[in-house]
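For reference, the chains in residue letters:
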Amino acid sequence: MTVRLARATTKVRVVFLKTEPMAVRMKTKIVLLGPPGSGKGTQGEKLSEEFGYVRMSTGDMLREAVRKGTDLGIKAKGYMDSGALVPNDLIINLMKEKIASLAEGTGIIFDGFPRTVEQADALGEQIDVDLALNLDVDDEELVKRLTMRRSCPQCNAVYHLLYNKPQNERFCDKCGSVLYQRDDDKEDTVRNRLKVYRENTFPLIDYYDKKGKLVTIQGVGDINEIFDKVKKAIQ
Ligand code: AMP
């Protein structure tokens, strides 16, 4: 059954699904927290497919900018290749514009943003975050996941060669493009990304907890079982 976010009133931020008669309350501005490889992309994509949220992944936006050779892409590439964070001002300006281009009340999943307290403050000035969903996964599991991850350059779908295999190892199930391993999914860079996460992004767990917005979910196990917990958290 596919349901779509149909309408949300900004004052109370309630989303009514097309499958009414009974209106279902859902969070509309959701931040996905969690280290690289914790499943933010996978769960965000599922939420977007099932409920029609707009998924805003800063990583996907930056990779597209790099592919297209835009100003932003040229500035961001070196940071991304080493697993470092792209400077706050570039990211904040990018996201300000993207968020402003969406209709008020749109259901949004933020994937990979904010990654620093400065970014979280900037986001909070523009919109009210309803929920910060933290996917908890330990480091060794993350290294295993990231180094075996394969990504689609066209539709941004993500696969894993053990846990979430595409039908054919080389091609995307969704759009048929040739899958690739992101440069920053190689082991040395992965370990650096985890260090960068701990130093810069981990404090956001406490940040949103203090605001009463945090829900933590164990991000290990069957993808659909994790998704069931995610669905409970957004209602
Ligand atoms: P991701 O696909 O979310 O793992 O992001 C890939 C890379 O893009 C990161 O390692 C950073 O270099 C950069 N990046 C993505 N989102 C952000 C952000 N919110 N702030 C700074 N850098 C980011």
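Relevant structure appears above.
Residues numbered from 1 in each chain as written. Predicted model: local features only at pLDDT ≥ 70, side-chain atom pairs only at ≥ 80, totals over all residues. Heavy atoms only, no water.

Participant: Explanation requested: the overall build of the protein chain in the structure shown.
Facilitator: The helix and strand inventory of the protein chain stands at nine helices and nine strands. Taken across its 235 residues, the protein chain has 48% of its residues classed as buried. Put simply, 67% of the contacts in the protein chain that link residues at least 6 apart link residues at least 24 apart. Looking at the protein chain as shown, the accessible area adds up to about 12,100 Å², and 49% of this sits on carbon and sulfur atoms. (Helix = DSSP H or I, 4+ residues; strand = E, 2+ residues; numbered from the N terminus. Buried < 20%, exposed > 50% of the residue type's maximum accessible area, 1.4 Å probe, protein only. Contact = heavy atoms within 4.5 Å. Areas by Shrake-Rupley, 256 points an atom, 1.4 Å probe, with all protein chains shown as cover.)

Participant: What am I meant to see in a negative patch on the surface here?
Facilitator: A cluster of acidic residues, Asp89, Glu118, Asp121 and Glu125, forms a negative patch on the protein surface. Examining the composition of the negative patch, we find that three residues originate from one element, helix H5 (residues 117-126), more than from any other. The residue Asp89 is located in helix H4 (residues 88-100) in this model. (Patch = residues over 30% accessible without salt bridge, like charges linked within 9 Å, V, L, I, M, F, W, Y side chains within 5 Å. Salt bridge = Lys/Arg side-chain N within 4 Å of Asp/Glu carboxyl O. Lys, Arg positive; Asp, Glu negative; His and termini not counted. Charge placed at Lys NZ, Arg CZ, Asp CG, Glu CD.)

Participant: I tried to follow the environment of Ile108 on my own but got confused; where do I start?
Facilitator: With respect to the helices and strands, Ile108 occurs in strand E5 (residues 108-111). Each residue touching Ile108, except ones within four places of it in the same chain, is listed here: Thr28, Lys29, Ile30, Tyr53, Val54, Met56 and Leu102.

Participant: I'm lost on the site of the ligand in this one. Help?
Facilitator: The immediate surroundings of the ligand are formed by 16 residues, with Thr58, Arg63, Ala84, Gly112 and Gln119 found nearest. Take Arg115: an N or O atom from its side chain is 3.0 Å from a nitrogen atom of the ligand. Separating a nitrogen atom of the ligand from a side-chain N or O atom of Gln119 is a distance of 2.9 Å. Contact with the protein chains covers 96% of the free accessible surface of the ligand, which is 480 Å². (Near = heavy atom within 4 Å. Polar contact = N/O pair within 3.5 Å; in protein donor to acceptor, adjacent residues only side chain to side chain.)

Participant: I tried to follow the sheet that holds strand E3 (residues 29-33) on my own but got confused; where do I start?
Facilitator: Strands pair in a sheet through their backbones, by hydrogen bonds, and they do so in one of two ways: parallel or antiparallel. The strand order across the open sheet built from five strands is E4-E5-E3-E6-E9, with neighbouring strands paired in parallel fashion. Sheet topology places strand E4 (54-57) and strand E9 (214-218) at the edges, where each strand pairs with a single neighbour. Put simply, the sheet's adjacent strands are angled 20° from each other on average, direction ignored. Here E4 runs beside E5; their pairing, made up of four bridges, is parallel. Bridged to Val54 within E5 is Ile108. (Pairing = 2+ DSSP bridges. Axes fitted to C-alpha atoms, helices over the stretch in contact; angles between N-to-C directions.)

Participant: Teacher, can you tell me more about unusual backbone geometry here?
Facilitator: Note on backbone geometry: most residues besides glycine have negative phi, and most peptide bonds are trans. Omega for the bond connecting Phe113 with Pro114 falls within 30 degrees of zero, at 0°, which places this linkage in the cis form. Examined against the element boundaries, Pro114 turns out to sit in the loop between E5 and H5. For Asn156, which is not a glycine, the phi torsion comes out positive at approximately 65°. Among the structural elements, Asn156 can be located in the loop between strand E7 (149-151) and strand E8 (158-160). Asn156 sits in the partly exposed class, given a relative accessible area of 23%.

Participant: What is the right way to read the packing of helix H6 (residues 139-147) against helix H7 (residues 187-201) from this model?
Facilitator: Viewed as axis vectors pointing N to C, H6 and H7 meet at an angle of 135°, and their least axial separation amounts to 10 Å. Classed by the angle they form, the pair H6 and H7 counts as oblique. In the crossing of H6 with H7, the sense of the turn from one axis to the other is right-handed. Within the contact between the two elements, H6 uses Asp139, Glu140, Leu142, Val143, Leu146 and Thr147 and H7 uses Glu187, Val190, Arg191, Arg193, Leu194 and Arg198. Along the lines of polarity and charge, the residues of the contact of H6 with H7 split into five nonpolar, one polar and six charged. (Parallel < 35°, antiparallel > 145°, perpendicular 65-115°, else oblique. Left-handed = near helix turned anticlockwise from the far one by under 90°. Nonpolar A, V, L, I, M, F, W, Y, C, P; charged D, E, K, R; others polar.)

Participant: Can you walk me through helix H3 (residues 71-82) in this structure?
Facilitator: Counting along an α-helix, one turn takes 3.6 residues, and residues three or four places apart therefore face a common direction. Along H3, the residues that are buried comprise Leu72, Gly73, Ala76 and Met80. In an axial view of H3, the angular spread of the buried residues amounts to 80°, which keeps them on one side of the axis. More than 90 degrees from the buried face of H3, the exposed residues found are Asp71, Ile74 and Gly78. Buried residues along H3 sit in contact with helix H2 (58-68) and H4. Positioned one or two residues after H3, Gly83 has a phi angle of 85°, which is positive. (Arc of directions from axis to C-beta.)

Participant: When you look at the packing of H2 against H3 in this model, what are you seeing that I'm missing?
Facilitator: A pair of packed helices is captured by two measures, namely the crossing angle of their axes and the spacing between those axes. Two numbers describe how H2 lies on H3: the axes approach to 8 Å, and their chain directions differ by 115°. Between H2 and H3, the interaxial angle falls into the category roughly perpendicular. The hand of the H2/H3 crossing is left-handed. Taken together, the residues of H3 that come into contact with H2 (itself represented by Gly59, Leu62, Arg63, Ala65 and Val66) are Leu72, Gly73, Ala76, Lys77 and Met80. When grouped by side-chain class, the residues that make up the contact of H2 with H3 number six nonpolar, two polar and two charged.

That is the geometry; function is a separate question.
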